[in-house]
Structures are given as C-alpha cells and as structure tokens.
Amino acid sequence: MAQKLVLCDCLGSQTLDADAIAKGSGLNCSKVYSGLCTHQLEQAAQEISQGDVIIACQQERPRFEELAEELGSAAPAFVDLRDRAGWGEGNPVPKMTALAAEAVLPLTTGKSVDVVSEGTCLLIGGAAAVQAASELCDILAVTVLLDDVSLIPLDRRFDCVLGSLRSATGAFGGFTVKFANLQEVRPGGRGAFEMADPVATATSSCDIILDLSGGTPMFPAFEKREGYLRADPSHAPSVAEAVLAASQMIGTFEKPLYVRLETSLCAHSRAEQAACSNCLNVCPTGAITSAGEHVAIDPMICAGCGSCSAVCPSGAIAYDAPPVDTMFKRLDTLAATYRKAGGTEARLLVHDGDHGLEMISLAARFGRGLPAHVIPLEVDALSGFGHAEMLAALACGFGGVDILMSPKTDAEVIEGQRGLAVALAGAAGDVRLLHAADPDALCDALYDTPKVAPGSEPILPLGSRRQVTRLAAKALQPDADVVPLPDNAPYGAVVVDTDACTLCLSCVSLCPSGALGDNPDLPQLRFQEDACLQCGLCSNICPEQAITLAPQMNLTDAAFTQQVLNEEEPFACIECGSLFGSKSTVEKITEKLAGNHAMFATSQAARMIQMCENCRIQAQFHSTDNPFQGGERPRVRTTEDYLSKRKDH
C-alpha cells in the first residue's frame, strides 16, 4: 500500500493539485486541507492515526510530532512543498510531484556510535571563566585553568589551578590535555589560598572544553570540533550562549560515522614513497592522518564536511551518512519525476540544511520564492557534493546546477570540483556557485538566469563515483574522444619518456591501482588509463624521472584496454637462447662492467652478464674459482682406521 501524502494549502496561500501529484508521484493524496495546524487539528489527528503518512509541512513539524505522541501513533514523515514550490512563481505541480516522490525514497541510515559525557569540563580564561564556572558547577564537574593567582575565588564548588596549556587532543567525551607548571590550590590555612609546588608537566582528560581566553583557538576549524566551545570573553551574549551549550553536554550522545574508509583502495603511499594526499590536504579538522600505506580517520574528530569523499580518486573514502548511491537515486528521482509530470528545463539548486534552508524559507515567505523550474536539493555536506554528483545531475536531466554556498563551507574544495565537472561536461557544464548575500539576491540570481534544456538524453546513474563520472561525461560529450582536465584531476594518462626509461618496472610493482603492468614474456610497460588515479606514485618512484602525468579523460573504449607505453627487444641468453631482460640494458651493463670490474675482469667472467639466471649459476658452479666450491672432501673413516689408531696407543 502506497504512503499517504496529507496536503494543506496553508490558509489558501498556495495552489495544490492533489490528483496530479498523486498521479506523478505514485502516492495516495488526501483532500486539500486549509489549516491542519490550527482549526483542522482534529482532521490532522485522524490522518496521523491511520499511520504511514507524510505531512506536506515542515514549519509545524514539532506540533504534529507532539500530536502523534499523544495519539500513541508512529511519528509521520514530512516534506516541505510550500516554501520550496508552493510560494514561487510558475506552475508548481511538476516540482511538487518531484519533491513528493523524493520524500518516499528508502534512505539508508548512516552508522553511529555512542559518546558518553560525564560532564567533566575544563574552563580556560580569566574572570569570565571564573564567572562561567560558578554558573556551571552545579551541573558539570568544573575545573578552571588560570594564569593569575589573584583570580582564584574562595568559592570551593569548583576547582581552580594555575598553569599553562601545552596541547589538547581529542573531541567531545574524550579530550586529552597537557599542562606545564601546573599548581593546585592548598585549601587549608587562613588568608588567601596558597599554591602547591608546580609540576613541570601534567596530563589530564575531560569531556568538554570551554575556552574563554580570547586567544588563538586550540584546534583547526575549531567551530567543527565537537565539545570545544569558544566565546569572546568581552561579549556577554556569546559567553552566555557557550555556557548554556556546555550545560547540555552531559549524558549519552549519538555520534554519526560520516565517512567509510576502505584501506585496501587507498593510494596514499607505497614502500615509503609519497603518493596521493588529497584528503589530508582538504580535511579542515585534522581528523585524517597518515598511517603508512594508507590514511586513518578519527571518527570522533571528523565533522562530516564531505570534502575528503569529493576529492578521493579511488573511492577509498566515501561519504556514508547516507551512502553515495543514495544521492544518485535522489537526483534520478527528482529529474525523472519532474519530466514525467510535464516539467521542462529543470535546474537544480543544491543547498545545506542551515544557511540554505533558511534562505529559501525567507525568500518564499517575504520574496518571490523559487522559480517553478528550480528544484531544491538539501544535502548534509555541501563540500561532499563533488564533480561526480554535479555531472550526474546534468546527465540525469537537469539543464544546470546551482550550489548555494554557505559561510561555513570550504569554497576552495567546491570550486575545484566545479572546475573539474565543467571540464568533463563541456558545453553542457552549466554549474554555478551562488554567493547570495540575502534571499532577494538569491531570487534575482535564479529568475535572471535563462532556462536551459538538458544537454543530453537522461542516464541512469549507477555504480561508483568514477563509473558515474565516466558515464555522465560520455553522455554529455558524445563526440569527444579525449577531454583535457585541470591539474590534479583524478583521471588521466601516464606519459613515458622512452629514451630515459630503462624498463626497470619499479613503477609497476608499486602502482596502487594496477593501472601500470608488465608482460612476463617480453620487456614491456603496459598501461590501462581507466584504472589510473593520477596519484603520482609512479613519477615519484621512477629513478630516471621518465614518467609524467597527463590529466585527461579518454572517453573511448581504448581506456579499458592495456596500451604498451614502452618496450624493447629482449636479450637471448648466449648459452641456452632463453629470453631475459632487455637487449639495450644487458649491452649497457656489459659495456660498463666487462674488463672494468674485478668480478668481470676476464672474458669468461664477463660472459656471465649475458647469461640467463640458470646458465649463470651453472657457469659459476663449474668454474675453477667459483664461490660455491669447497676443498677436497675428506676420506670416509672405516673400522680399520679406528683399530689402527688404538694399536698406535
């Protein structure tokens, strides 16, 4: 049985076509109500009590969830049709239908772990920290780190220590802090408190850090470090907000595991030779570290920005809250349903759930709202919407893609991904980054943009991010063979200087993706472009500096076959005729060592350079001065020998 979509026109402020939405989305639609959250609350209760319903309103979600709890019914699902479609200009039916269809997609729930906070809190700062401690000490176990003994209060409800903070690591529920010259209070005696002797170094742990020092933040991207609260001590409202937030951080909390790491696919390094470090370069919190041949991710520090997933060339790191294939399903559902409902020239607006959602809501309530052909897509991490997702949107049937930037988004990552997507899409690469200052500016940018038809026949985006990228690029540029790409792109070819290459094949042994290969029967260096990650390991390891990278995407079938980059005539063993090595290499070694090295001073010894392994061993074994030859074997002793020895004694 299909889910039921409960519609409300919000006091007649929008037009809803229940029959058209039901036909296009496959949902059962209720009659169109007018005030479900007010005078028709009883009808809302009846709809909710039937179960398995979706209410087309996000604004009054808490009211309906509370109503469901009172009724003892399961909480309904929600979809916002009003702000995203109903309060815009143009025919809203195709967009409403698409948004309704997306709302019923089965989404995989991301994994999570429990984080336990017992409420141990370290406060750093001066008088503001002491005041904050007095407000928090009845809720949390508070310790204040001061640098001035005169600031230590007589209030013994919380602890105060003197010293300096050397370092802090970890995250909410598991910070480790190291102090220098730490002094504790001696509570006894009369007059001002005395301090214990300083301890040169000390280590402790806490669940929460409240930094009111006003100095340099203790962590990179400190606003993303859960459990670390920071405020300007001179700004009372900010301090009050931080104190309130700290007071709520006690108990058991759910920490999402934003990304999934498959170490076997990671191309970070091989044999202590550096290769890909894309994720390390873009991680704002320092959650990603080098761990030998692969990277490691601290899930407690990871803030889920998604940048690492967007730039990972191999798919070793993938956004998992929800998984990447969920995004491709959403894009396909929105585009396909919009077309089915009669919509044309759709444009995608990608936004986050904070800044972007608020901009759209304000634009709808007080401005022109979104155009009817602009379909909003809310994502958890804007930085995770990389080139693969942009290309998938264009190839699914969107004429253009707009990304509404947030003040907290890493613009550099998205700009790089946009550049890569535009290069792969060619003339169809209508991808923009919107830096709208206010809702009116957002509306102006969207309404002033001419409508654009899709650049290709729609595709079904299935597979990994690399596979979808290739599929989309081929659909968007059907006549292209090789598409040049920007530097540092994760797709491309390997160019070999055949004059410098000695076919040592060290690049083959270390290639993490298997793009480079050899031929066990002939001296050859082979290459399969589709598998190349452009990690740079081959160029870093090449002793002759004969390898360079060429960022590009070969859209022909040749990318799936092995191409010979360099080959030479094999050398035939002068004894048995077996082929081994390359002719030029053996000749160079012979020329360099024969008669010039003590081991190959004679012509007979020099001949061994031109022998295969088996013949070389045989020649050494049978030579008069071979290293395997021992002295004459001793005669076997007999009984007569032992008896004659006794007679002699």
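Caption draft 1: Representation of the packing of aromatic side chains. With the rule as written, the count across this model stands at four aromatic pairs. Look at Phe 172 and Phe 253: their rings are 5.2 Å apart centre to centre, the planes differ by 70°, and that puts the pair in the edge-to-face class. Of this pair, Phe 172 sits in the loop between strand S8 (159-169) and strand S9 (175-186) while Phe 253 is found in strand S14 (residues 251-256), placing the two residues 81 residues apart along the sequence. Since its relative accessible area comes to 11%, Phe 172 is described here as buried. Where Phe 222 meets Tyr 228, the ring centres are 6.5 Å apart and the plane angle is 85°; that geometry is what we call edge-to-face. When its relative accessible area of 27% is taken as the criterion, Phe 222 is described as partly exposed. Among the aromatic residues, those joined into a ring-pair cluster are Phe 175, Phe 219, Phe 222 and Tyr 228. Directly above the aromatic system of Phe 193 lies the positively charged group of Arg 156, at a separation of 5.7 Å from the ring centroid. In this structure, Arg 230 is placed above the aromatic ring of Phe 222, and the distance from its NZ or CZ to the ring centre is 5.2 Å.

Caption draft 2: Quick peek at unusual backbone geometry. A cis amide bond links Ala 321 with the next residue in sequence, Pro 322, at an omega value of 5°. Mapped onto the secondary structure, Pro 322 falls in the loop between strand S20 (317-319) and helix H10 (324-340). Unusually for a residue other than glycine, Gln 545 sits at a positive phi of about 55°. Relative to the helices and strands, Gln 545 is located in the loop between helix H17 (537-541) and strand S29 (547-554). Take Gln 545: its relative accessible area is 58%, and that puts it in the exposed class.

Caption draft 3: Structural view of a negative patch on the surface. Together, Asp 354, Glu 358, Glu 378 and Asp 380 line one region of the surface with negative charge. Relative to the assigned elements, Asp 380 resides in the loop between strand S22 (374-379) and helix H12 (387-396). Classification of Asp 380 as exposed rests on a relative accessible area of 60%.

Parameters and conventions
Residues numbered from 1 in each chain as written. Predicted model: local features only at pLDDT ≥ 70, side-chain atom pairs only at ≥ 80, totals over all residues. Heavy atoms only, no water. Phe/Tyr/Trp six-rings, centres within 6.5 Å; stacked < 30°, edge-to-face > 60°. Helix = DSSP H or I, 4+ residues; strand = E, 2+ residues; numbered from the N terminus. Buried < 20%, exposed > 50% of the residue type's maximum accessible area, 1.4 Å probe, protein only. Lys NZ or Arg CZ within 6 Å of the ring centre and 35° of its normal. Patch = residues over 30% accessible without salt bridge, like charges linked within 9 Å, V, L, I, M, F, W, Y side chains within 5 Å. Areas by Shrake-Rupley, 256 points an atom, 1.4 Å probe, with all protein chains shown as cover. Salt bridge = Lys/Arg side-chain N within 4 Å of Asp/Glu carboxyl O. Lys, Arg positive; Asp, Glu negative; His and termini not counted. Charge placed at Lys NZ, Arg CZ, Asp CG, Glu CD.

In short, the description is geometric, and any link to function would need to be established separately.
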